[in-house]
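Structural overview
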Amino acid sequence: MKQLTPVIAPPQYIEIFEGIRDNKKASAKAPLVAAQAAIRDRFIEYETRFNINTLEAIPASTLGGITAELRSCYGRNKGMNALKHAIKNAQPVGRLIWCPYCGATTPGSYDHYLPAEKFPEFAAHALNLVPSCTRCNSIKDDDWVYGGPRGYYHFYRDAIPAAPFLTVSITSDAAVQAVGATFAVQQAGMSDPEWTLLEAHFRQLKLIELYDSYSNDLINTVLRSARSHITAGGGSAAAFLANEAQENADLYGDFGWRAVLLRAMSAHPDLVDWIAWL
Ligand SMILES: [Zn+2]
């Protein structure tokens, strides 16, 4: 997991929204124009709280009467498509190969960080749209606890701790020639608020279970790559895996699950045996 880069104004986020709104048909546009001042106030509230990190205390929506019109701005339209492109283009190359929330699958959708059902005015706010896989998006859904603490990372806002919060234990069984991995999270020197957020994020998205189940495929794939590397005269498997781990860490953080697993594999005394078992 690694922080994302927010789309940067200018234009202001409210202007992006108004551009989307102005392309709506008249029946949807009219109530949105009528509520323009209130929507602007709510955008300012979001951005102020985002900047000073008090988003968890944002008051409930005051715009429930035009929920459908607000939510219709997040849909297939020219302005929203342009905004989605801008969000993707703001990220370093490769950062969005994996979903920011889980780091395990492809981010084929956008999560509304403040759920659109409860905060429809932010359905088309650039800071509220976070690339996400459909699994994380559907688990998170309209989950929002008023008054917090927040239960998920906001990847434009939150720095991921530099502490070694994710560990892996590798089991190597020569009798059946099998390698397995079991992940865990730990506080690892993080402050209590940092740990509360990380622990909730992992627990709610069931990330440990996800990594445990995905690790078999990754182990198999990288061992096969290591074997090809050796066959081609490329040097030791340990160096190959350590390099793969570092490349992964550069893009997704030192304690992303792939980097943690590859690093542990590269240092394991049975690595050469595993390749022979393939
Ligand atoms: Zn995900």
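The structure this text deals with has already been given above.
Quick look at the structure, then. (Residues numbered from 1 in each chain as written. Predicted model: local features only at pLDDT ≥ 70, side-chain atom pairs only at ≥ 80, totals over all residues. Heavy atoms only, no water.)

1. Some words on the overall build of the chain
- From N to C terminus, the chain includes 11 helices and 4 strands.
- For the chain, the C-alpha atoms occupy an extent of roughly 70 × 40 × 30 Å along the three principal directions.
- Here the chain, with 278 residues, has 47% of them falling under the buried criterion.
- Relative to all contacts within the chain whose residues are 6 or more apart in sequence, the contacts with residues 24 or more apart total 72%.
- Carbon and sulfur atoms provide 54% of the accessible area of the chain, an area that totals close to 12,800 Å².
- Between the mean site of the 25 positive side-chain charges and the mean site of the 28 negative ones, the chain shows a separation of 8 Å. (Helix = DSSP H or I, 4+ residues; strand = E, 2+ residues; numbered from the N terminus. Buried < 20%, exposed > 50% of the residue type's maximum accessible area, 1.4 Å probe, protein only. Contact = heavy atoms within 4.5 Å. Areas by Shrake-Rupley, 256 points an atom, 1.4 Å probe, with all protein chains shown as cover. Lys, Arg positive; Asp, Glu negative; His and termini not counted. Charge placed at Lys NZ, Arg CZ, Asp CG, Glu CD.)

2. Considerations on helix 5 (residues 78-89)
- Here helix 5 contains 12 residues, and its C-alpha end-to-end distance of 16 Å stays within 8% of the 16 Å for a straight helix at 1.5 Å per residue.
- What helix 5 keeps buried is the set Gly79, Met80, Leu83 and Ile87. Down the axis of helix 5, the smallest arc covering the buried residues is 95 degrees, so these residues share one side. Every exposed residue of helix 5 that faces more than 90 degrees away from the buried side is listed here: Lys78, His85 and Asn89.
- Contact partners of the buried residues in helix 5: helix 1 (13-22), strand 1 (109-112) and strand 2 (129-132).
- For helix 5, the side-chain oxygen to backbone nitrogen distance between the N-cap and Gly79 is 3.3 Å, and the N-cap itself is Asn77. (Expected span 1.5 Å × (residues − 1). Arc of directions from axis to C-beta. Polar contact = N/O pair within 3.5 Å; in protein donor to acceptor, adjacent residues only side chain to side chain.)

3. Re the coordination of the zinc ion
- Here the zinc ion is held by the protein donor atoms Cys99 (SG), Cys102 (SG), Cys133 (SG) and Cys136 (SG), which lie 2.3 to 2.4 Å from it.
- One chain supplies every donor for the zinc ion, spaced along it as C-x2-C-x30-C-x2-C. Accessibility assignment for this pair places Cys133 and Cys136 in one class, buried. (Donors = N, O, S within 2.8 Å, 3.2 Å for Na, K, Ca; no water.)

4. Notes on the packing of helix 9 (residues 237-252) against helix 10 (residues 257-266)
- At their nearest, the axes of helix 9 and helix 10 sit 8 Å apart, and the two run at 165 degrees to each other. Of the possible angle classes, the one that applies to helix 9 and helix 10 is roughly antiparallel. In this structure, helix 9 meets helix 10 at a crossing whose hand is left-handed. Of the residues in helix 10, those in contact with Ala238, Leu241, Ala242, Glu244, Ala245, Asn248 and Ala249 of helix 9 are Arg258, Ala259, Leu262, Arg263, Met265 and Ser266.
- Looking at the contact of helix 9 with helix 10 residue by residue, the class counts come to 8 nonpolar, 2 polar and 3 charged. (Axes fitted to C-alpha atoms, helices over the stretch in contact; angles between N-to-C directions. Parallel < 35°, antiparallel > 145°, perpendicular 65-115°, else oblique. Left-handed = near helix turned anticlockwise from the far one by under 90°. Nonpolar A, V, L, I, M, F, W, Y, C, P; charged D, E, K, R; others polar.)

5. As for the pairing of strand 3 (residues 166-173)
- With 8 bridges joining them, strand 3 and strand 4 (residues 178-185) adopt antiparallel strand pairing. Note that in strand 4 the partner of Val168 across the bridge is Phe183.
- Linking strand 3 to strand 4, which pair antiparallel, is a turn of 4 residues; within it Gln177 sits at a positive phi near 50 degrees. (Pairing = 2+ DSSP bridges.)

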